[in-house]
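The primary structure of each chain is shown beneath.
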Amino acid sequence: MSQVGVVRVAVDRGRCCGSGNCVVAAPEVFDQDDTDGLVLLRRPEPPPEAAERVRRAVEVCPAGAIRLTSTTQP
Amino acid sequence: MTATAATDLPLWPASTLDHGPFALLDEEQRHRLAGPVTRVRLPTGAPAWLVTRHADVRQVLRHPGLSADLERPGFPLLRPLPPQSEPDRQGGFIRMDGEEHSRLRRMLTAEFMIKNVRRIEPLIQQTVDAALADLAAAGPPADLVETFALPVPSIVICHLLGVPYADHDFFQVRSRTLLDRTTSMELVRAHAQELRDYLRELVVARHHDADGDDLISRLVRDRVATGQLTVDELVGMALLLLVAGHETTANMIGLSTLLLLREPGRFAALRESPHRAAELVEELLRYLSVVRTGLPRLALVDAEIGGQVIRAGEGVIAVLSLANRDPEVFDDPEEFDPYRQAHQHLAFGFGVHQCIGQPLARAELRIALVGLADRFPTLRAAVVPQQVSTRDTSVVFGLNNLQVTW
Ligand code: HEM
Ligand code: SF4
């Protein structure tokens, strides 16, 4: 994991239980829908400085609703 | 494997008597329960698997084949429960699985999400300020549980739901019997029924006048009137929120105060660095883990947890409090370390049932504790921790009272 990668985020609203943990971890990347409280992705490709917080969001998501695919930069 | 008679297995919940409010188990119990997954005997006599490691507890609580439905035969109950009639099962989504669960939970998630809790912070602040004034008028000395820790979350949840706080004696007594593992089946049944009848009256009254800005009124308007939700379901949801919404947070406020007062510097830090109170609250949640005895689940399929095969039909107890002291995840887990990064704690559970009220609970704890330290900088416990009376038989651990002076 020494290379700097571009992190791509995907969320599964079908699995999300609206805990909001991702919003606490990385507010610039995740939000919650005003009507149903489920996750909304603000930035599918978060900036590198948010990568650590996004990883934390994955870790604290109780429903396993966040996936990361990191493509290593050439 | 040699068959062990259930009576030879260690009992869970283990007795915590005489350990003081902050120790989870004594050495001998720890020894007996050592091992990531162990076989235990429940108070009902039934055996179950006890799961204690952080990673394993997460796996249990996120596993789609492990059910939270305590009506299923073989469910690892921590105490015998009376059978429920069909209308009485409605709405209590904490023990539902799959679609049935998500359908109801999703009607509430937006209500309790962080943005909305931020909006009600002024209400929490006002409630805290008023309770602090009551505390000042009551002492010194005074009982912090009775005059502060319990009223704050009770008033807030009443306000949000649209339940008159004036009735607090009625529902607090009954919530407590529902949470106490030693309550007889008859009393559980009677008290649950009385609470339902009480809430049903409130719901029915809202049918005639649903203009209110409270949660019950909103659900009557938006969900019941539109045929998406039945009255029985709404009653069950309101019951769950009322019970879950005050006892847990109240116990956290009481225990947190006692813990912080043990070292004056910690309590003072709340005043000096209120901006760090949110971090402190996470460590309090981890260290105190009030849902101490863990979350029961029933395996519907064979599952491997922590190297142990759990067979379909067997019960599992995911022990949040021990997972929150797992050295794999938390350095020096037995130490209370105010500003450690405790965000991985499992005090609110994990998986799709993870506490829906956590943003509210966090805000209440932070505002209550900072308010207390501000208003009573010289606060001290009038008893030593070993002498406080603790709620050992409740599903939610806490203090019965806490005499304080200033
Ligand atoms: C510090 C305070 C609190 C703690 C430690 C706590 C703890 C928990 C835990 C461990 C669960 C998971 C139960 C399970 O998986 O079987 C839970 C669920 C729940 N809590 Fe809390 N809770 C707290 C405050 C609140 C508040 C203030 C509310 C009020 C809104 C609330 C409402 C609920 C509800 C409705 C559920 C069921 C969620 C579901 O099944 O989807 N809790 N809580
Ligand atoms: S942390 Fe997971 S479950 Fe919670 S809101 Fe975010 S995506 Fe949904």
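Right above here is the structure, for reference.
Source: prediction; values computed, not measured.

About the cut-offs
Residues numbered from 1 in each chain as written. Chains lettered and ligands numbered in written order. Predicted model: local features only at pLDDT ≥ 70, side-chain atom pairs only at ≥ 80, totals over all residues. Heavy atoms only, no water. Donors = N, O, S within 2.8 Å, 3.2 Å for Na, K, Ca; no water. Helix = DSSP H or I, 4+ residues; strand = E, 2+ residues; numbered from the N terminus. Contact = heavy atoms within 4.5 Å. Buried area = accessible area lost by both parts, 1.4 Å probe. Salt bridge = Lys/Arg side-chain N within 4 Å of Asp/Glu carboxyl O. Polar contact = N/O pair within 3.5 Å; in protein donor to acceptor, adjacent residues only side chain to side chain. Nonpolar A, V, L, I, M, F, W, Y, C, P; charged D, E, K, R; others polar. Near = heavy atom within 4 Å. Axes fitted to C-alpha atoms, helices over the stretch in contact; angles between N-to-C directions. Parallel < 35°, antiparallel > 145°, perpendicular 65-115°, else oblique.

Participant: Which residues make up the coordination of the iron atom of ligand 1, and what values do they have?
Facilitator: Just one protein ligand coordinates the iron atom of ligand 1, and it is Cys355(B) (SG) at 2.3 Å. Secondary-structure assignment places Cys355(B) in the loop between helix 16 (320–323) and helix 17 (358–375).

Participant: Explain the interface of chain B and chain A residue by residue, including any values.
Facilitator: The partner chain A presents 26 residues to the 17 residues of chain B that form the contact. Where chain B abuts chain A, roughly 1700 Å² becomes buried across the two surfaces, and 47% of that area is made up of carbon and sulfur atoms. Linking chain B to chain A there are 2 salt bridges. Among the salt bridges present, the one from Lys115(B) reaches Asp31(A), with a minimum N-O distance of 3.2 Å. At the junction of chain B with chain A, the criterion picks out 15 residue pairs in polar contact (both at pLDDT 80 or more). Residue assignment for the side of chain B that touches chain A shows that the elements contributing at least two residues are helix 2 (54–62), helix 5 (109–112) and helix 6 (114–119) of chain B. Considered class by class, the residues forming the side of chain B that touches chain A number 5 nonpolar, 7 polar and 5 charged.

Participant: Account for the site of ligand 1, with residues named and values stated.
Facilitator: All names here are of chain B. Around ligand 1 there are 27 residues in total, and His101, Arg105, Arg297, His353 and Cys355 lie nearest to it. One of the side-chain nitrogen or oxygen atoms of His353 is found 2.6 Å away from an oxygen atom of ligand 1. When residues of the shell around ligand 1 are traced back to their parent elements, those giving at least two are helix 4 (98–105), helix 13 (231–262) and strand 5 (295–299). Counting residues per element, the shell around ligand 1 draws most heavily on helix 13, which supplies 7 residues. Looking at the shell around ligand 1, its residues break down into 18 nonpolar, 7 polar and 2 charged.

Participant: Give a detailed account of the packing of helix 13 of chain B against helix 14 (residues 264–272) of chain B, specifying residues and quantitative values.
Facilitator: Residue and element names in this part refer to chain B. Look at helix 13 against helix 14: their axes get within 4 Å of each other, and the N-to-C directions meet at 115°. Taken together, helix 13 and helix 14 sit at an angle that is classed as roughly perpendicular. Of helix 14, the residues touching helix 13 (which contributes Leu259, Leu260, Leu261 and Arg262) are Pro264, Arg266, Phe267 and Leu270. Within the contact of helix 13 with helix 14, the residues separate by chemical class into 6 nonpolar, no polar and 2 charged.

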